[in-house]
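Notes for the structure review
Given next are the chains, with one letter for each unit.
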Amino acid sequence: MVEVVRAITKDVSGIRALVEPQAGKRVLLAKEVVSYYESLHDFRVVRDEQGVVIGCGALHVMWEDLAEVRTLTVREDYLGKGVGGAILRQLLTDARAVGVQRVFCLTFETQFFGRHGFEPIEGIPVEPSVYAELLRSYDEGVAEFLDLERVKPNTLGNTRMLCRL
């Protein structure tokens, strides 16, 4: 059985160890260490029997009815064992708990997310007034969501997907 729990400060090094190789392959967005601490409350993790982080994912609320799944990754030797699915299900539960009705992701893993109710979308699924407000965010993930030109190199080949809760 996979136990998904809230991340704590001591998990940051484990989260970084999972993310860095994926960021090097341009699968995940590279982040500064301080960003992990600042967004720690967004993260869920799975640890092995020794307490080592083997999977992580974050839910970042972007607007009243919209959140994004971020930084969802699993250690290679645990792929296909249900860790990623358990994390994603927990993140969707978290989204419902805070009142979010739509969850967005930008991913290469379309089959995985599709199995969990995500569907490919075109464009930005927010009204112009919300788009204008989101433009004020300094968050790079929000810039990716908005498909801003300055983040295009990070998003090449990714598919925009949305899950309605």
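How each quantity is defined
- Residues numbered from 1 in each chain as written.
- Predicted model: local features only at pLDDT ≥ 70, side-chain atom pairs only at ≥ 80, totals over all residues.
- Heavy atoms only, no water.
- Helix = DSSP H or I, 4+ residues; strand = E, 2+ residues; numbered from the N terminus.
- Buried < 20%, exposed > 50% of the residue type's maximum accessible area, 1.4 Å probe, protein only.
- Contact = heavy atoms within 4.5 Å.
- Pairing = 2+ DSSP bridges.
- Expected span 1.5 Å × (residues − 1).
- Bend = angle between axes of the 7 residues up to and from the residue.
- Salt bridge = Lys/Arg side-chain N within 4 Å of Asp/Glu carboxyl O.

To continue, consider the overall build of the chain. On a plain count of helices and strands, the chain comes out with seven helices and seven strands. Its helices and strands in sequence order give the chain the pattern β-α-α-β-β-β-α-β-α-β-α-α-α-β, from N to C terminus. Residues counted as buried form 48% of the 165 residues belonging to the chain. Long-range contacts, defined as pairs at least 24 residues apart, comprise 66% of the intrachain contacts of the chain with a sequence gap of at least 6.

Moving on to the sheet that holds strand E7 (residues 159-164). On the basis of which strands lie adjacent, the open sheet formed by seven strands has the order E1-E2-E3-E4-E5-E7-E6 and mixed pairing. If you trace the sheet from one side to the other, it starts and ends with strand E1 (5-6) and strand E6 (119-120), each paired once. Here E1 runs beside strand E2 (residues 43-47); their pairing, made up of two bridges, is antiparallel. Across the sheet, Arg 6 pairs through a bridge with Arg 44, a residue of E2.

What follows concerns the pairing of strand E4 (residues 66-74). E4 sits mainly inside the fold: nine of its nine residues count as buried. Bridging between strand E3 (residues 53-63) and E4 involves seven bridges; their strand directions are antiparallel. Within E4, the position partnered with Leu 59 by the bridge is Val 69. Linking E3 to E4, which pair antiparallel, is a turn of two residues.

Bringing helix H1 (residues 12-24) into the picture now. With 13 residues, H1 should reach 18 Å at 1.5 Å per residue; the first-to-last C-alpha distance of 18 Å fits that figure. A maximum bend of about 25° is found in H1 at Leu 18, where proline Pro 21 lies one to four positions downstream. Buried positions along H1 lie against helix H2 (33-38), E2, E3 and E4. Just downstream of H1 lies Arg 26, where phi reads positive at about 65°.

Let's shift gears to the pattern of salt bridges. Side chains carrying opposite charge are able to pair once their charged atoms draw close together. Following the criterion strictly, the structure yields six salt bridges and no others. Here Arg 75 ties to Asp 77 by a salt bridge, and the two come within 2.7 Å at their closest N and O atoms. The exposure class of Asp 77 is partly exposed, given its relative accessible area of 43%.

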